[in-house]
Amino acid sequence: MIYLDYAATHPMTPAALAAYAEAAALPGNPASVHAAGQAAREKLEEGRARMAAAFGVDPRTLTLNSGGTEGDNHVLLGLAQAWEERRGGPGHLVTTPTEHSAVLAPARQLAARGWDVTWLTPDRWGHYAPDQLAEALRGDTALVSIHHANNELGTVQPTADLAAVAAARGVPYHTDAVQAPGVLPVDLPGWGVTFATFSAHKWGGPRGVGALYVRRGAELPPVTLGGGQEGGLRPGTQNTAGVYAAGVALTGAEAARQATFAHLREMQSAFVHAVRDVPGLNFNHPADGSPKVVNLTLEGADGEALLMNLDMLGVSVSAGSACSAGTMQASHVLTAVGLTEAQARASLRFSFGAATTRDEVEAAAAALRQAAEWSRVGAEG
């Protein structure tokens, strides 16, 4: 099997697996005061400290959680709760139509509750400009939420510039930075963001583990209740083994990040070169985006058929559509940047990792050619 779906999940690294096993063998609850509990606490805090070091922040600003979806929901719904309690009613949210569904869903829920939501308009490649944001801000803007690197296109936003626009107006700024660590530099103090969300399984750590950065002094109430863990911001027994493994994986990923970036760019370029003359193929990812993503459309093809054909040929990738209840729905990201629903349903995302080889890239390119030919034959039949 050739695995080219790293943007969905990065396989756990050997170091992370070993760290997980080591910490999972400890019997104690990290909140317990006895020796067994404190041994677990040491591993938990080492994992937190490793993540904080990679992000350039104080460990106490990281709230441990289950990942990006929980973090995104916590920021949007928690900030809205605080705003409504303080102001006595709904406010204004600025976000984008190319966000992950973990931001889109709570944003739409807030809109249904009476919040006014401004959706910024992307360019063809999914970029947003600071002047767009400046025009969208109002006196009752409670939050701006714009991802750092897009999960489908790989588009990288000018986060520091966007956050500076929000800061000048006193508006909190949240970024979903799930796709950045281990590939793109993460500098939370330099970015100037108020909140940022992360998921360990994107950098070779375990699934179901993540962190929410909350800048010191920022207002954010808990959205779950029932314990004092994480300063009361996210109650519940922490995943000691997962957090420790996440920290170990991130330390390794960050140490190799520059080399990984160069390797990914080489793999991306090799794949683009190998398939660029496939009839009807167009690329959707920006040239200046994340090096791990190639997003393409095969005009007139059936994306679901392409995906299944590639799987039969031993290549694992993602469709440019979301699968819901057995039906393929056009990707909201691709339609937001101007593709038709038919084009979006004929799109695929290939995403590479540090372990991806040139042989795998060439084999995947050959498989795409074969899958495209099968698709054309099926359409003609």
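Residues numbered from 1 in each chain as written. Predicted model: local features only at pLDDT ≥ 70, side-chain atom pairs only at ≥ 80, totals over all residues. Heavy atoms only, no water.

Our next topic: the overall build of the chain. Tallying secondary structure elements over the chain gives 13 helices and 15 strands in all. Over its C-alpha atoms the chain spans a radius of gyration of 21 Å, differing by no more than 12% from the 21 Å that the globule rule assigns to 381 residues. The dimensions of the chain, computed from C-alpha atoms along their principal axes, are 65 × 50 × 35 Å. When the 381 residues of the chain are sorted by exposure, 53% land in the buried category. Of the contacts made within the chain by residues no fewer than 6 positions apart, 71% connect residues no fewer than 24 positions apart. Approximately 15,200 Å² of the chain is accessible, and the part contributed by carbon and sulfur atoms is 54%. In the chain, 26 positive and 36 negative side-chain charges are present, and the distance between their average locations comes to 4 Å. (Helix = DSSP H or I, 4+ residues; strand = E, 2+ residues; numbered from the N terminus. Rg over C-alpha atoms; globule rule 2.2 N^0.38 Å. Buried < 20%, exposed > 50% of the residue type's maximum accessible area, 1.4 Å probe, protein only. Contact = heavy atoms within 4.5 Å. Areas by Shrake-Rupley, 256 points an atom, 1.4 Å probe, with all protein chains shown as cover. Lys, Arg positive; Asp, Glu negative; His and termini not counted. Charge placed at Lys NZ, Arg CZ, Asp CG, Glu CD.)

Turning next to the packing of aromatic side chains. Geometrically, a pair of aromatic rings is defined through the distance of the ring centres and the angle of the planes. If you walk through the whole model with that rule in mind, you get six aromatic pairs. Here Phe 55 and Trp 203 contribute two aromatic rings whose centre-to-centre distance is 6.2 Å and whose plane-to-plane angle is 70°, an arrangement assigned as edge-to-face. Highlighted residues: Phe 55 in helix α2 (residues 35-55) and Trp 203 in the loop between β7 (195-199) and β8 (210-214), separated in sequence by 148 residues. As far as the burial class goes, Phe 55 and Trp 203 line up, both buried. Each ring, one from Phe 271 and one from Phe 350, has its centre 4.5 Å from the other, and the planes form 40°; the classification is tilted. Taken together, the residues span a long stretch of sequence, with Phe 271 in helix α9 (residues 257-275) and Phe 350 in strand β15 (residues 347-351) at a distance of 79 residues. Both residues of the pair, Phe 271 and Phe 350, belong to the buried class. One aromatic cluster is present, formed by Phe 55, Phe 198 and Trp 203 through successive ring pairs. (Phe/Tyr/Trp six-rings, centres within 6.5 Å; stacked < 30°, edge-to-face > 60°.)

Across the sheet, seven strands lie side by side as β2-β8-β7-β6-β5-β3-β4; this open sheet has mixed pairing. Because the sheet does not close on itself, it has two edges, and the strands there are β2 (62-65) and β4 (116-119). Each adjacent strand pair in this sheet contributes to an overall mean axis angle of 20°, direction not counted. Where strand β6 (residues 173-176) lies against β7, three bridges are found, and the strand directions are parallel. (Pairing = 2+ DSSP bridges. Axes fitted to C-alpha atoms, helices over the stretch in contact; angles between N-to-C directions.)

Next up on the list: the environment of Leu 137. With respect to the helices and strands, Leu 137 occurs in the loop between α5 (130-136) and β5 (141-145). Separated by 29 residues in sequence, Leu 137 and Ala 166 place their C-alpha atoms 7.8 Å apart. Dropping the residues within four chain positions of it, Leu 137 is found in contact with Val 94, Val 144, Val 165, Ala 166, Arg 169 and Val 171.

Attention now moves to the packing of helix α3 (residues 68-87) against helix α4 (residues 101-112). In the contact formed by α3 and α4, the axes pass within 8 Å of each other and the chain directions differ by 25°. Comparing their axes, α4 and α3 come out roughly parallel. As for the relative orientation of α3 and α4, their crossing is right-handed in sense. Side by side, α3 and α4 meet where Gly 68, Thr 69, Asp 72, Asn 73, Leu 76, Leu 77 and Ala 80 of the first sit next to Ala 102, Val 103, Pro 106, Ala 107, Gln 109 and Leu 110 of the second. Here the residues of the contact of α3 with α4 sort into eight nonpolar, four polar and one charged. (Parallel < 35°, antiparallel > 145°, perpendicular 65-115°, else oblique. Left-handed = near helix turned anticlockwise from the far one by under 90°. Nonpolar A, V, L, I, M, F, W, Y, C, P; charged D, E, K, R; others polar.)

This brings us to the sheet that holds strand β12 (residues 318-319). Pairing within the open sheet is antiparallel, and its four strands lie in the order β9-β10-β15-β12. Two strands in the sheet have a free side with no partner beyond their single neighbour: β9 (281-283) and β12. Here five bridges tie strand β10 (residues 293-298) to β15, and the two strands are oriented antiparallel to one another. The residue of β15 that forms the bridge with Val 294 is Phe 350. Most of the contacts of α9 go to β10, to which it runs at about 15°, and overall it touches β9, β10 and β15. Strands in contact with helix α10 (residues 303-312) are β10, β12 and β15; relative to β15, the strand with the most contacts, it is inclined by about 40°.

On to the side chain of Asn 284. By the element assignment, Asn 284 lies in the loop between β9 and β10. Its relative accessible area of 1% is what places Asn 284 among the buried residues. At 3.2 Å, the side chain of Asn 284 and the side chain of Arg 124 are in polar contact. (Polar contact = N/O pair within 3.5 Å; in protein donor to acceptor, adjacent residues only side chain to side chain.)

Let us look at the domain arrangement of the chain. Interfaces are often sized by the amount of accessible area the parts lose when they come together. By the assigned domains, the chain splits into domain 1 (2-8 + 256-378) and domain 2 (14-252). A straight line from the C-alpha centre of domain 1 to that of domain 2 covers 28 Å. Facing 27 residues of domain 1, the contacting portion of domain 2 comprises 25 residues. In total, about 2,200 Å² of surface goes out of reach between domain 1 and domain 2, with carbon and sulfur atoms giving 54% of it. Taken together, domain 1 and domain 2 are joined by 13 residue pairs in polar contact (both at pLDDT 80 or more). Going through the elements one at a time, α9, β10 and α11 (332-336) are the ones with two or more residues in the side of domain 1 that touches domain 2. For the side of domain 1 that touches domain 2, the class distribution of residues is 14 nonpolar, nine polar and four charged. (Domains from an automatic or database assignment. Buried area = accessible area lost by both parts, 1.4 Å probe.)

So, about the pairing of β8. Judged by how many residues are buried, β8 sits mostly within the fold: five of five residues are covered. With burial as the criterion, each face of β8 is covered, one bearing Gly 210, Leu 212 and Val 214 and the other bearing Ala 211 and Tyr 213. Here β7 runs beside β8; their pairing, made up of five bridges, is antiparallel. Across the sheet, Phe 195 pairs through a bridge with Val 214, a residue of β8.

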